[in-house]
Amino acid sequence: MNRTTGTDPQFRRKSSAVPLRAVSALIGTLLLSSCQSVIEQTYEPSVAPSSTPQIVEEVQKNDPRAQVGAREHPRIVASYGGEYEDEKTERLVARITGALTAVSENPNQSYRITILNSPAINAFALPGGYLYVTRGLLALADDASEVAAVLSHEMAHVTANHGIERQQREEAEVIASRVVSEVLSSDLAGKQALARGKLRLAAFSRNQELQADVIGVRMLGEAGYDPYAAARFLDAMAAYSRFSSVDPDSDQSLDFLSSHPSAPQRVDLARRHARAFGAEGTVGDRGRDYYLAGIDGLLYGDSPQEGYVRGQTFLHGKLGIRFDVPTGFQIDNKAEAVLATGPGETAIRFDGVADTQKRSLTDYIASGWVTGLQPDTIRAINVNGLEAATARASAERWDFDVTVIRIDTQIYRFLTAVPKGAPSLEPTANILRASFRRMTPQEAAALKPLRIRVVTARPGDTLATLSARMMGTDRKLDLFRLINAMQVTSTVKPGDKVKIISE
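This write-up is about the structure you can find in this document. Everything numeric in this text was worked out from a predicted model, so none of it was measured. (Residues numbered from 1 in each chain as written. Predicted model: local features only at pLDDT ≥ 70, side-chain atom pairs only at ≥ 80, totals over all residues. Heavy atoms only, no water.)

1. As for the overall build of the chain
Our working definition: Each helix corresponds to a stretch of at least 4 residues labelled H or I by DSSP, and each strand to a stretch of at least 2 residues labelled E; elements are numbered beginning at the N terminus. Here, residues are in contact when the closest pair of their heavy atoms is within 4.5 Å. Each accessible area value is a Shrake-Rupley result obtained with a 1.4 Å probe; residue values ignore everything except the protein chains displayed when judging cover.
Across its full length, the chain carries 17 helices and 17 strands. Of all intrachain contacts in the chain linking residues separated by at least 6 positions in sequence, the fraction that spans at least 24 positions is 66%. Looking at the chain as shown, the accessible area adds up to about 22000 Å², and 52% of this sits on carbon and sulfur atoms.

Rendered as structure tokens:
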């Protein structure tokens, strides 16, 4: 969570986490999707390469596709926490992109690649050659060929004009739904027509993804990279999604997999196309050494502007606050709120709003922003010396605890949701309230961001000794294996370079 706002913020919803849907139902929802662009104009594709591809502005200034990307670029950057600026990492990504451009279907297409300052694992493209990759994805990737696999896939979307094609079909579906709604004077009929259209668009998008896979694997092989990296990284992302999920079978919080299908048959297809270049393990360069050198020191996880998650604790040095969630909960620190999910379909949301009117907190709870509020439960309380208030609410099949706490000119808000009648509501809310407090100046000064550090194994080192140096997680060995693409049976030998997470 990076800041408080003057108005009640909308909620970003995880696509399949039922408790978070419940919390969203209490106040509102916002969904941000990826690997697609929100664009307003259509374009008839024609290939007319510029004579000056080395100057991006010159290449793109008369290209309607680039104008579309330029218009959306600021929104994308803002949505993902701004640009991540590190000269070494930028040179690394540019090197990979340059190698792929030389073998692309349109080598004269210019690309603007932006590293987004987000721990989310994602990559996507906009029309006109705008490519995006998050630092979270760079941290997970084990070598240059895996990043090349992701970028070649996104470059394939650009060269195939998928963004433009998708927008044209979306426009047609919206028009069709409006016609049905107006003719039948039925909002439900319009929604049903739009839903059918969305299903058709989903199928179309899956075809686009498969087409981009085929083009991407070919680019990988022809650029001299390991062509099996695409299948390998799809497996790595699926493993990371399972690792980071409270409910591995349902949670889809990994941004890339939410917008890029990851069915086993897609992995098999990528491997099948890679076999055209040779047997696995015998062809292509992985580029691991120069890749690790390029990401050594990369910011990992939360940025200082959003606060830090350390195990079961959220700490924000700039705001000077901290609190704990119960054991067994998974914290998800978003730019607009801190979300946590736990056993028994329990969910927590924490955010803040500007307090300019200085009204009483009991009046604030009753001011209309809580759906299903039970007015007789509102009461003033004290939380570690801070003015606070609490209440209960009920909506759909959920019970809620609402707790608000004032510090100076800010109101901080906890919303806890459990299935109706569940006994865990009060104990969970009590842990949040009891642990929320101001940080001392010494605590705030001691907070440091986590980074990817590349270390060399020494004689006597094992996975256990190396993973013991990991910070920011209580599942050190599991996360160490994930970020180093290691299996349960993997070992290390002196001289091996591995990634760890530390300050």
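Let's pick the thread back up.
2. A look at the environment of Phe314
Here Phe314 is to be found in strand β6 (residues 313–316). Through-space distance from the C-alpha of Phe314 to that of Ile331 is 8.1 Å; in sequence the pair is 17 residues apart. When near neighbours in sequence (up to four residues on either side) are disregarded, Phe314 contacts Met1, Glu306, Gly307, Tyr308, Val309, Ile321, Arg322, Phe323, Ile331, Asn333, Val338 and Phe350.

3. Focus on the pairing of strand β7 (residues 321–324)
The side chains of a regular strand alternate between both faces of the sheet. Filter applied, for reference: Whether two strands pair comes down to DSSP finding at least two bridges between them.
Where β6 lies against β7, four bridges are found, and the strand directions are antiparallel. In the strand pairing of β7, His316 is matched with Ile321. Following β6, the chain reverses through four residues before pairing antiparallel with β7; Gly320 in that reversal takes a positive phi of roughly 75 degrees. Sheet topology note: the β7/strand β15 (residues 437–438) ladder contains two bridges and is antiparallel. The residue bridging Ile321 from the neighbouring strand is Arg438, located in β15.

4. Thoughts on the environment of Arg438
Note on placement: Arg438 falls in strand β15. Separated by 121 residues in the primary sequence, Arg438 and Gly317 place their C-alpha atoms 9.7 Å from one another. When sequence neighbours within four positions are dropped, the list of residues in contact with Arg438 reads Gly320, Leu386, Ile407, Asp408 and Glu443.

5. Remarks on helix α4 (residues 87–101)
Quick reminder of the rule: The span expected for a helix works out to 1.5 Å for each residue beyond the first. The classification of residues rests on relative accessible area computed with a 1.4 Å probe and restricted to protein chains. Under 20% of the type maximum is buried, over 50% is exposed, and intermediate values are partly exposed.
Helix length check: α4 (15 residues) gives 21 Å between terminal C-alpha atoms against 21 Å at 1.5 Å per residue, within 8%. Buried within α4 we find Thr89, Leu92, Val93, Ile96, Thr97, Leu100 and Thr101.

6. Focus: the packing of aromatic side chains
What counts is decided by this rule: Pairing of aromatic side chains requires ring centres within 6.5 Å, counting the rings of Phe and Tyr and the six-membered ring of Trp. Pairs whose planes differ by under 30 degrees are stacked, by over 60 edge-to-face, and all others tilted. A ring is considered to have a charge above it if a Lys NZ or an Arg CZ atom is located within 6 Å of its centre and within 35 degrees of its normal.
Counting across every chain of the model gives 13 aromatic pairs. When the centroid spacing of 6.1 Å and the interplanar angle of 50 degrees are considered together, the rings of Phe350 and Phe436 count as tilted. Of the two residues, Phe350 sits in strand β10 (residues 346–354) while Phe436 sits in the loop between α14 (425–435) and β15, which places them 86 residues apart along the sequence. Note on accessibility: Phe350 and Phe436 belong to one class, buried. Centre to centre, the rings of Tyr412 and Phe436 are 5.9 Å apart; their planes meet at 45 degrees, and the pair counts as tilted. A residue pair is termed long-range when its members are at least 10 positions apart, and Tyr412 in strand β14 (residues 410–419) and Phe436 in the loop between α14 and β15 qualify at 24 residues. We classify Phe436 as buried; its relative accessible area is 0%. One aromatic cluster is present, formed by Phe314, Phe323, Phe350, Tyr412, Phe414 and Phe436 through successive ring pairs. Looking at Arg95, its charged tip hangs above the ring of Tyr290, at a distance of 3.5 Å from the centre. When the ring centre of Trp369 is taken as origin, the NZ or CZ atom of Arg413, which lies over that ring, is 4.4 Å away.

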